[in-house]
Amino acid sequence: MELYLDTADVNAVKRLARLLPLQGVTTNPSIVAASRTSLWEVLPALRDALGGQGKLFAQVLATKADLMVEEALLLNRRVSGLVVKVPVTGEGLAALKILHGMGIPTLGTAVYGAAQGLLSALAGAEYVAPYVNRVDAQGGSGTATVKELQQLLELHAPQAKVLAASFKTPRQALECLLAGCEAITLPVDVAEQFISAPAVLAAVDKFEGDWHSAFGTLTLC
């Protein structure tokens, strides 16, 4: 299972990389724009925050296949090992096919349906990113979409992985993992909710209080 952070917040990546078994960081144009920092500054800084290791994902902005390919090649040249995110539109599918032929690793993004995701995998995407919460917000079931996509990839494109994205709650992420999802990317706030449950902190406080009351110290010595 691969765990990623979906952010351009370098300090958050540094903080959480110390705690979590992160495989890398995903970004998109909105995330980078919110950081108000150049993409060419953010990506190296994110890699440094990961200790110089891990995968980075960045997305093309163009909407035509030929220009998507140009931007993908630029990203690939500027940042070694980068996985290029391509929206799964008609033009995006054409770009994915070309990039696959060039050996450029890609992720099919902005996926709202299982069939759409399968097409991106068949076009050569190594990862497929269904938007779980956004599907929920449109009245569908993000988890059901992930389950269907997972089954389709296992049957028809086993070389590709679901990388589920767009989460608002830890429960959404957990349901995707239970559905067999091999990779997820979490916003910083959702990742922090996994490791900062109030009930857990209360339990630790009680352990400390009981120990101090009995022994007058907070050490094992």
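A few points on the structure. Keep in mind the model is a prediction, meaning the values are calculated, not measured. (Residues numbered from 1 in each chain as written. Predicted model: local features only at pLDDT ≥ 70, side-chain atom pairs only at ≥ 80, totals over all residues. Heavy atoms only, no water.)

**Considering the packing of aromatic side chains**
Link 1 in the chain: On inspection of all chains with the given rule, the structure shows 4 aromatic pairs.
Link 2 in the chain: Ring centres of Phe-57 and Tyr-127 lie 5.5 Å apart, and the angle between their planes is 75 degrees; on these two criteria the pair is classed as edge-to-face. Within this pair, whereas Phe-57 is found in strand 3 (residues 55-59), its partner Tyr-127 is found in strand 6 (residues 127-130), the two being separated by 70 residues in sequence.
Link 3 in the chain: Given a relative accessible area of 3%, Tyr-127 falls into the buried group.
Link 4 in the chain: Between Tyr-112 and Tyr-131 the ring centres are 5.6 Å apart and the planes differ by 70 degrees, which places this aromatic pair in the edge-to-face class. (Phe/Tyr/Trp six-rings, centres within 6.5 Å; stacked < 30°, edge-to-face > 60°. Helix = DSSP H or I, 4+ residues; strand = E, 2+ residues; numbered from the N terminus. Buried < 20%, exposed > 50% of the residue type's maximum accessible area, 1.4 Å probe, protein only.)

**Remarks on the layout of surface pockets**
Link 1 in the chain: There is about 350 Å³ of room inside the largest pocket.
Link 2 in the chain: If you trace the largest pocket, you find 22 residues lining it, with Asp-6, Asn-28, Ile-31, Arg-134 and Ser-166 closest to the centre.
Link 3 in the chain: Listing elements by their share of the lining of the largest pocket, those giving two or more residues are helix 2 (29-35), strand 5 (106-111) and helix 7 (132-137).
Link 4 in the chain: Counted as a void, the second largest pocket has a volume near 230 Å³.
Link 5 in the chain: Along the walls of the second largest pocket sit 13 residues, with Leu-39, Gln-59, Val-60, Leu-61 and Leu-75 positioned nearest its centre.
Link 6 in the chain: Contributing elements (two or more residues each) for the lining of the second largest pocket: helix 2, helix 3 (39-49), strand 3 and helix 4 (65-78).
Link 7 in the chain: Of the residues contributing to the lining of the second largest pocket, the split by class is 9 nonpolar, 3 polar and 1 charged. (1 Å grid on protein atoms, 1.4 Å probe; cavity = no way out; pocket = protein on both sides within 12 Å on 5 of 7 lines; lining within 4 Å. Points joined across faces, edges and corners; volume = space filled by probe spheres on them. Nonpolar A, V, L, I, M, F, W, Y, C, P; charged D, E, K, R; others polar.)

**Overview of the pairing of strand 3**
Consecutive side chains along a regular strand alternate between the two faces of the sheet.
Link 1 in the chain: Of all 5 residues in strand 3, 4 are buried; the element is thus mostly enclosed.
Link 2 in the chain: In this structure, strand 3 lies alongside strand 4 (residues 83-87), joined through 3 bridges in parallel fashion. What sits directly across from Phe-57, in strand 4, is Val-83.
Link 3 in the chain: The β-α-β motif built from strand 3, the intervening helix 4 and the parallel element strand 4 has right-handed crossover chirality. (Pairing = 2+ DSSP bridges. Right-handed = clockwise from strand over helix to strand, strands pointing away.)

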